[in-house]
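Geometric and topological summary
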Amino acid sequence: MTLRLASAGESHGPALVAIVTGLPAGLVLDSAAIDADLARRQEGYGRSPRQRIEQDRVEVMAGLRHGRTLGTPLALVVRNRDHENWAWGMSPWPPEGEAHGKGTKPVTLPRPGHADLAGIQKFGHEDVRDALERASARHTAVHVAAGAVAKALLGELGIAVRGAALEEDELRARIDEARKDRDTVGGVVEVRATGVPPGLGSYATKEDRLDARLAASVMGIQAVKGVEIGDGFALAALRGSEAHDEIGADRRRTSNRAGGIEAGVSNGEEIVVRAAMKPLPTLMRPLRSVDLATGEPADALVERSDVAAVEALAVVAEAAIAWELAAAAKEKFGGDAIGDLVAAHRAYCERIRWR
Ligand SMILES: Cc1cc2nc3c(=O)[nH]c(=O)nc-3n(C[C@H](O)[C@H](O)[C@H](O)COP(=O)(O)O)c2cc1C
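Rules and cut-offs
Residues numbered from 1 in each chain as written. Predicted model: local features only at pLDDT ≥ 70, side-chain atom pairs only at ≥ 80, totals over all residues. Heavy atoms only, no water. Axes fitted to C-alpha atoms, helices over the stretch in contact; angles between N-to-C directions. Helix = DSSP H or I, 4+ residues; strand = E, 2+ residues; numbered from the N terminus. Parallel < 35°, antiparallel > 145°, perpendicular 65-115°, else oblique. Left-handed = near helix turned anticlockwise from the far one by under 90°. Contact = heavy atoms within 4.5 Å. Nonpolar A, V, L, I, M, F, W, Y, C, P; charged D, E, K, R; others polar. Expected span 1.5 Å × (residues − 1). Buried < 20%, exposed > 50% of the residue type's maximum accessible area, 1.4 Å probe, protein only. Arc of directions from axis to C-beta. Near = heavy atom within 4 Å. Polar contact = N/O pair within 3.5 Å; in protein donor to acceptor, adjacent residues only side chain to side chain. Areas by Shrake-Rupley, 256 points an atom, 1.4 Å probe, with all protein chains shown as cover. Pairing = 2+ DSSP bridges. 1 Å grid on protein atoms, 1.4 Å probe; cavity = no way out; pocket = protein on both sides within 12 Å on 5 of 7 lines; lining within 4 Å. Points joined across faces, edges and corners; volume = space filled by probe spheres on them. Core = buried A, V, L, I, M, F, W, Y, C linked by side-chain atoms within 4.5 Å.

**With respect to the packing of helix α1 (residues 31–42) against helix α5 (residues 140–156)**
- Closest axis-to-axis distance for the α1/α5 pair is 9 Å, and the angle between their directions is 140°. With respect to their mutual orientation, α1 and α5 come out oblique. Crossing geometry of α1 relative to α5 is assigned as right-handed. On α5, the residues that touch Ile-34, Asp-37, Leu-38, Arg-40 and Arg-41 of α1 are Thr-140, Ala-141, Val-144, Ala-145, Ala-148, Val-149 and Lys-151.
- For the contact of α1 with α5, the class distribution of residues is 7 nonpolar, 1 polar and 4 charged.

In structure tokens, the structure reads:
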């Protein structure tokens, strides 16, 4: 069975939900490891006070017994603690009684760079909140939880995935400057995966290409505007003799400019993916926009917001890469029980004499 992930949840709704299907049975999960990744997503320089309200924890509603997967759909929930402040404004059902708390007043001031204007046009909403609640990156929390599950599966195969912000000191200085100016910044993150055997992904179709799958998954994260694999954009300026990774007698490479993927297939070297994040669109000193209620020029919505979320993106991108690698590994090695998957992986690595 293919590994699949579906998620639901609004930023200030009751909870975020993910359903994972296709996991083998017998995989040991550790709630502390999942919660540790949730905490890493919430930390990071430049984030808003909302992160102090949330303190995310995973709850498992199905698919797990005594810490082992059952081979059935795994249902993950991360509750939005902030929902209690929005209980009327974000009630799933028509709310009863007097309007109270947050979200009671319609938002009519779309922010440039966010989903606000296109979202209401596309779906026919009148309150911008109906668009921004799902467009928000809040639901990346449950994707990080699913990524932690994927990392548990990859761990059984000796594969580790780690993301980090690049040039962290310089980034933090830029964040301090931007905070003073009531502005926002973006940055670059890098995810590295070690222990990936040659042969994940395929050149057979573009949908099978591992590079395409990793790039789509990372580009699918809010505010990511560029993705590169290995030396990526820099390769365009090089000659072929400088750009490719020579093959040694042991079939290993002497360099890794390709970032561990050639022809859409992992080549056994470390997988390296970088993503560029744009500056966050919610500004404390807002850009010009239009008031949709009056049609008059106005300042865009100002709402509690991060100055930067680059370090958080590193954790979200790590989860996205882990997820895609786990899905590709599951496709290649199969198995309804984790032991079957591990045995198939071992037999394959022996056949190609890898490691
Ligand atoms: C982890 C993370 C946290 C984010 N936090 C904020 C935020 O606090 N304020 C904001 O305006 N945008 C934030 N964003 C970015 C917006 O969600 C994103 O820019 C918006 O949904 C529009 O999508 P696009 O940038 O992909 O075009 C965050 C993104 C990520 C990945």
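**Concerning helix α6 (residues 168–180)**
- For α6, which comprises 13 residues, the first-to-last C-alpha distance of 19 Å matches the rise-based estimate of 18 Å (1.5 Å per residue) to within 8%.
- Those residues of α6 that fall on the buried side of the exposure criterion are Leu-171, Ile-175 and Ala-178. Projection of α6 onto a plane perpendicular to its axis shows the buried side chains occupying an angular sector of 70°, all on one side. Exposed and oriented more than 90 degrees from the buried face of α6 are Asp-169 and Lys-180.
- The inward-facing, buried residues of α6 contact β7 (160–165) and α9 (310–333).
- Looking one or two residues past α6, Arg-182 carries a phi angle of roughly 50°, positive in sign.

**Things to note about α9**
- With 24 residues, α9 should reach 34 Å at 1.5 Å per residue; the first-to-last C-alpha distance of 34 Å fits that figure.
- Of all 24 residues in α9, 22 are buried, a share of seventy percent or more.

**Points about the site of the ligand**
- Residues in contact with the ligand amount to 18 residues; listed here are only the nearest, Ala-223, Lys-278, Thr-282, Ser-305 and Asp-306.
- Lys-278 is positioned such that a nitrogen or oxygen atom in its side chain is 2.8 Å from an oxygen atom of the ligand.
- Ser-305 has a polar side-chain atom sitting 2.7 Å from a nitrogen atom of the ligand.
- Coverage of the ligand by the protein chains reaches 86% of its 630 Å² of free accessible surface.
- Classifying every residue of the shell around the ligand gives 9 nonpolar, 5 polar and 4 charged.

**Description of the sheet that holds strand β12 (residues 271–277)**
- If you trace the 4 strands from one edge of the open sheet to the other, you get β7-β8-β12-β9, paired in antiparallel fashion. The open sheet is flanked by β7 and β9 (224–229), the only strands paired with a single partner. Neighbouring strand axes in the sheet, compared pairwise and without regard to direction, differ in orientation by 20° on average.
- Sheet topology note: the β7/strand β8 (residues 187–194) ladder contains 6 bridges and is antiparallel. Bridging from a neighbouring strand, Arg-162 pairs with Arg-192 of β8.

**A look at the layout of surface pockets**
- In this model, the second largest pocket occupies a volume close to 280 Å³.
- As for the second largest pocket, its lining consists of 13 residues, of which Pro-198, Arg-251, Ile-352, Arg-353 and Trp-354 are closest to the centre.

**Quick look at the nonpolar core**
- With 77 residues, the main nonpolar core has Leu-76, Val-161, Ile-271 and Leu-325 as its most contacted residues.
- Here this core takes 18 residues from α9, the largest share from any one element.
- Among the nonpolar cores identified, the runner-up in size contains 5 residues, and Val-107, Val-128, Leu-132 and Leu-301 belong to it.

**Digging into the environment of His-100**
- With respect to the helices and strands, His-100 occurs in the loop between β6 (74–79) and α3 (116–123).
- Residue classification places His-100 among the partly exposed residues on the basis of a relative accessible area of 48%.
- Put simply, His-100 and Trp-88 are 12 residues apart on the chain and 6.2 Å apart in space, counted from C-alpha to C-alpha.
- Apart from residues no more than four positions distant in its own chain, His-100 is found in contact with Trp-88 and Gly-89.

**So, the packing of helix α7 (residues 210–219) against α9**
- Contact pair α7 / α9: the axes reach a minimum separation of 9 Å and the direction vectors enclose 145°. In this structure, α7 crosses over α9, and the sense of that crossing is right-handed. On α9, the residues touching Leu-210, Arg-213, Leu-214, Ser-217 and Val-218 of α7 are Ala-320, Ile-321, Glu-324, Leu-325, Ala-327, Ala-328 and Glu-331.
- Of the residues in the contact of α7 with α9, the class split is 8 nonpolar, 1 polar and 3 charged.

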